[in-house]
Amino acid sequence: TQLLEQSPQFLSIQEGENLTVYCNSSSVFSSLQWYRQEPGEGPVLLVTVVTGGEVKKLKRLTFQFGDARKDSSLHITAAQPGDTGLYLCAGTRNYQLIWGAGTKLIIKP
Amino acid sequence: SQTIHQWPATLVQPVGSPLSLECTVEGTSNPNLYWYRQAAGRGLQLLFYSVGIGQISSEVPQNLSASRPQDRQFILSSKKLLLSDSGFYLCAWGGQGSYEQYFGPGTRLTVT
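Residues numbered from 1 in each chain as written. Chains lettered and ligands numbered in written order. Predicted model: local features only at pLDDT ≥ 70, side-chain atom pairs only at ≥ 80, totals over all residues. Heavy atoms only, no water.

Chemist: It is not clear to me how unusual backbone geometry should be interpreted in this structure. Could you clarify?
Modeler: Across the chain, the bulk of peptide bonds are trans and the bulk of non-glycine residues have phi less than zero. Residue serine 7 of chain A is joined to proline 8 of chain A through a cis peptide bond whose omega torsion reads -10°. If you trace the backbone, proline 8 of chain A turns up in the loop between β1 (5–7) and β2 (10–14). With an omega of 0°, the peptide bond between tryptophan 7 of chain B and proline 8 of chain B qualifies as cis. Within the secondary structure layout, proline 8 of chain B lies in the loop between β1 (3–7) and β2 (10–13). Unusually for a residue other than glycine, arginine 69 of chain A sits at a positive phi of about 60°. (Helix = DSSP H or I, 4+ residues; strand = E, 2+ residues; numbered from the N terminus.)

Here's what the structure looks like:
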């Protein structure tokens, strides 16, 4: 059973479009992190959200933590080819980090 | 600044051969250390984690083992590799009391 469900599993869009990917659970997390991984490399931490309803912005990326701290979303505005990668969310629960399976994002020029 | 190294970057080994992957961290003391395996393009499976020298917790029973002989060194080993051990192995470190993790470049292991 996947405690953190990421959707969609795969997304391919044109450069300049907007997109949102989701990270959902029935469990409450004390914090949630988003990572981006490029092929053949390790994941890189993008952001950590801690407070229910929290919104963080990283240039064209907007991260939101759900009010109940069970879900999160990542919105990318005007996607660029450099945004291509595997986006992973990970939630902190009971002193463990629970990982989602990832959303593979391809931005076509 | 902190850096994390893994080697080798790629490895091709026959079934039944031993394995040793090494991970070292620079620029921090007493880090939490983690070994993950990742199937192609998918999520991470935690294999082992360590909160200090000689302290290893195993998350998944299998023919792999881990050791932490020094504060900033983490080693993943196997006595006899299986085909199913193929994958992308990632080492990560995190600060004590923090759940944020910082990953190395990974080792691509192919068992033939």
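Chemist: Would you explain the pattern of salt bridges in this entry?
Modeler: Oppositely charged side chains may form a pair once their charged atoms are brought near each other. Applying the stated criterion across every chain yields a total of 4 salt bridges over all chains. With its nearest N and O atoms 3.8 Å apart, the salt bridge here joins glutamate 54 of chain A to lysine 56 of chain A. Owing to a relative accessible area of 19%, glutamate 54 of chain A belongs among the buried residues under this scheme. Look at lysine 56 of chain A and you get partly exposed, because its relative accessible area is 31%. Among the salt bridges present, the one from aspartate 85 of chain B reaches arginine 37 of chain B, with a minimum N-O distance of 3.7 Å. Here aspartate 85 of chain B, found in the loop between β8 (73–78) and β9 (87–94), pairs with arginine 37 of chain B, found in strand β4 (residues 32–38); they are 48 residues apart in sequence, far enough to count as distant. Each member of the pair, aspartate 85 of chain B as well as arginine 37 of chain B, is classed as buried. (Salt bridge = Lys/Arg side-chain N within 4 Å of Asp/Glu carboxyl O. Buried < 20%, exposed > 50% of the residue type's maximum accessible area, 1.4 Å probe, protein only.)

Chemist: Looking at this model, I keep getting lost on the pairing of β4 of chain B. Mind explaining?
Modeler: Remember that side chains alternate between the two faces of the sheet whenever the strand is regular. Residue and element names in this part refer to chain B. The buried fraction of β4 amounts to 7 of the 7 residues, a majority that puts the element mostly inside the structure. Judged by which residues are buried, β4 turns out to be covered on both faces: Asn32, Tyr34, Tyr36 and Gln38 on one side and Leu33, Trp35 and Arg37 on the other are all buried. Relative to β9, β4 runs antiparallel, the two being bridged by 7 bridges. Counterpart to tyrosine 36 in the pairing with β9 is leucine 90. In this structure, β4 lies alongside strand β5 (residues 44–52), joined through 6 bridges in antiparallel fashion. Each residue of the ladder has a partner; that of tyrosine 34, found in β5, is tyrosine 49. A loop of 5 residues connects β4 with β5, the two strands running antiparallel in sequence, and glycine 41 in this loop sits at a positive phi of about 65°. (Pairing = 2+ DSSP bridges.)

Chemist: Hey, could you run me through the interface of chain B and chain A in this one?
Modeler: By convention, interface size is frequently given as the accessible area that disappears when the constituent parts associate. Contacts between the two partners involve 16 residues from chain B and, on the opposite side, 20 residues from chain A. Summing both sides of the interface, chain B and chain A together bury roughly 1,400 Å²; the carbon and sulfur share of this comes to 55%. The tally of links from chain B across to chain A stands at 0 salt bridges. Elements that contribute at least two residues to the side of chain B that touches chain A include exactly β4, β9 and β10 (102–103) of chain B. For the side of chain B that touches chain A, a count of residues per class yields 8 nonpolar, 5 polar and 3 charged. (Contact = heavy atoms within 4.5 Å. Buried area = accessible area lost by both parts, 1.4 Å probe. Nonpolar A, V, L, I, M, F, W, Y, C, P; charged D, E, K, R; others polar.)

Chemist: Where do I start with the nonpolar core in this structure?
Modeler: A general trend in soluble globular proteins is that nonpolar side chains are found buried together. Residues Leu19, Trp34, Leu74 and Ile76 of chain A are the most contacted members of the largest nonpolar core, which totals 23 residues. Breaking this core down by element, the ones donating at least two residues are β2, β3 (19–24), β4 (31–37), β5 (44–49), β7 (61–65), β8 (71–76), β9 (85–93) and β11 (103–108) of chain A. Counting residues in hydrophobic clusters, the runner-up holds 19 residues, among them Leu19, Val25, Leu64 and Leu76 of chain B. (Core = buried A, V, L, I, M, F, W, Y, C linked by side-chain atoms within 4.5 Å.)

Chemist: What is the right way to read the state of the cysteines from this model?
Modeler: What we call a disulfide is simply a covalent bond connecting the sulfur atoms of a pair of cysteines. The final tally for this structure, using the stated rule, is 2 disulfides over all chains. Residue pairing for cysteine 23 of chain A: its cysteine sulfur links by disulfide to cysteine 89 of chain A, the two sulfurs lying 2.0 Å apart. With the S-S dihedral at roughly 80°, the linkage between cysteine 23 of chain A and cysteine 89 of chain A falls on the right-handed side. You can see cysteine 23 of chain A sitting in strand β3 and its partner cysteine 89 of chain A sitting in strand β9, a full 66 residues away along the chain. The pair formed by cysteine 23 of chain A and cysteine 89 of chain A is uniform in burial state, with each residue classed as buried. Paired by a disulfide, cysteine 23 of chain B and cysteine 91 of chain B hold their sulfur atoms 2.0 Å apart. In this structure, the disulfide formed by cysteine 23 of chain B and cysteine 91 of chain B twists by about -75° around the S-S bond and is classed as left-handed. Of this pair, cysteine 23 of chain B sits in strand β3 (residues 19–26) while cysteine 91 of chain B sits in strand β9, placing them 68 residues apart in sequence. (Disulfide = S-S within 2.5 Å.)

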